[in-house]
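Below are the chains, spelled out letter by letter.
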Amino acid sequence: MASIFTRIVQGEIPSYRVAETDRFYAFLDINPLVPGHTLVIPKQETDYLFDINDQDYQDLMLFAKRVSEAIYKAIPCKRVGVAVLGMEVPHAHIHLVPLQSEGDLDFRKEKAKLTPEQFQEIAASIAKSLEV
Ligand code: AMP
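Residues numbered from 1 in each chain as written. Predicted model: local features only at pLDDT ≥ 70, side-chain atom pairs only at ≥ 80, totals over all residues. Heavy atoms only, no water.

A.B. asks: Break down helix α3 (residues 116–131) for me, with residues and values.
C.D. replies: Over its 16 residues, α3 runs 23 Å from end to end, which matches the ideal 22 Å to within 8%, given 1.5 Å per residue. Of all the positions in α3, only F119, I122, A123, I126 and S129 are classed as buried. What you see down the axis of α3 is that its buried residues fit within an arc of 125 degrees, all on one side. For α3, the exposed residues lying more than 90 degrees away from the buried face are E117, E121, K128 and E131. In the core, the buried residues of α3 are packed alongside β1 (17–20), β2 (24–28), β3 (38–42) and α2 (54–74). (Helix = DSSP H or I, 4+ residues; strand = E, 2+ residues; numbered from the N terminus. Expected span 1.5 Å × (residues − 1). Buried < 20%, exposed > 50% of the residue type's maximum accessible area, 1.4 Å probe, protein only. Arc of directions from axis to C-beta. Contact = heavy atoms within 4.5 Å.)

A.B. asks: Kindly report on the pattern of salt bridges, identifying the contributing residues and their values.
C.D. replies: Enumeration according to the criterion identifies 7 salt bridges in this entry. Two residues, E20 and K43, come together in a salt bridge whose shortest N-O distance is 2.7 Å. In this pair, E20 is assigned in strand β1 and K43 in the loop between β3 and α2, connecting sequence segments 23 residues apart. The network of salt bridges with shared partners includes R17, E20 and K43. (Salt bridge = Lys/Arg side-chain N within 4 Å of Asp/Glu carboxyl O.)

A.B. asks: I'd like to hear about α2, residue by residue, with values.
C.D. replies: For α2, which comprises 21 residues, the first-to-last C-alpha distance of 30 Å matches the rise-based estimate of 30 Å (1.5 Å per residue) to within 8%. Against the buried residues of α2 lie β1, β2, β3, β4 (79–83), β5 (94–99) and α3. Where α2 starts, the residue carrying a side-chain oxygen 3.1 Å from the main-chain nitrogen of Q55 turns out to be N53. (Polar contact = N/O pair within 3.5 Å; in protein donor to acceptor, adjacent residues only side chain to side chain.)

A.B. asks: Pulling in residues and values, what's your account of the sheet that holds β2?
C.D. replies: The 5 strands lie next to each other as β1-β2-β3-β5-β4, forming an open sheet whose pairing is antiparallel. Both edges of this open sheet fall to β1 and β4, since each of them pairs with a single strand only. The sheet shows a mean angle of 20 degrees between the axes of neighbouring strands, taken without regard to direction. Bridge count between β1 and β2: 3 bridges; the pairing is antiparallel. From the neighbouring strand, E20 faces β2, where its bridge partner is Y25. Relative to β1, α3 is tilted by about 30 degrees, and along the sheet it contacts β1, β2 and β3. (Pairing = 2+ DSSP bridges. Axes fitted to C-alpha atoms, helices over the stretch in contact; angles between N-to-C directions.)

Rendered as structure tokens:
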């Protein structure tokens, strides 16, 4: 069965798109640690990030780097943190989280509550920063 992220890539499930290439996709995490929390995925479904072949892994990381630069421009933060968990969704993904402090990367803390309009606005502003 296709993963929930494959279904997002295929447009069966909606997402707040931040960036896309023919091989990779970036979208807002629906339960964000902080506003701007973004997931970067390969469109090709692989469960475990470190099972991805070297070339695709390198290209995915470069794509994540570009997205992180856009997050940094769009969302006031000191750093963009990176995390890989994969405890919930068996489709490799990289969390990019704008950080004010190290506590912002604590996955046990209560998630930010955003309206659909806020999600849309954040996704649009990161996407715009990617273009410049
Ligand atoms: P993990 O697999 O432990 O890295 O966690 C999966 C992440 O995916 C969590 O932060 C979820 O909030 C996020 N997530 C799950 N379903 C969706 C969805 N439909 N759209 C956006 N993010 C999602």
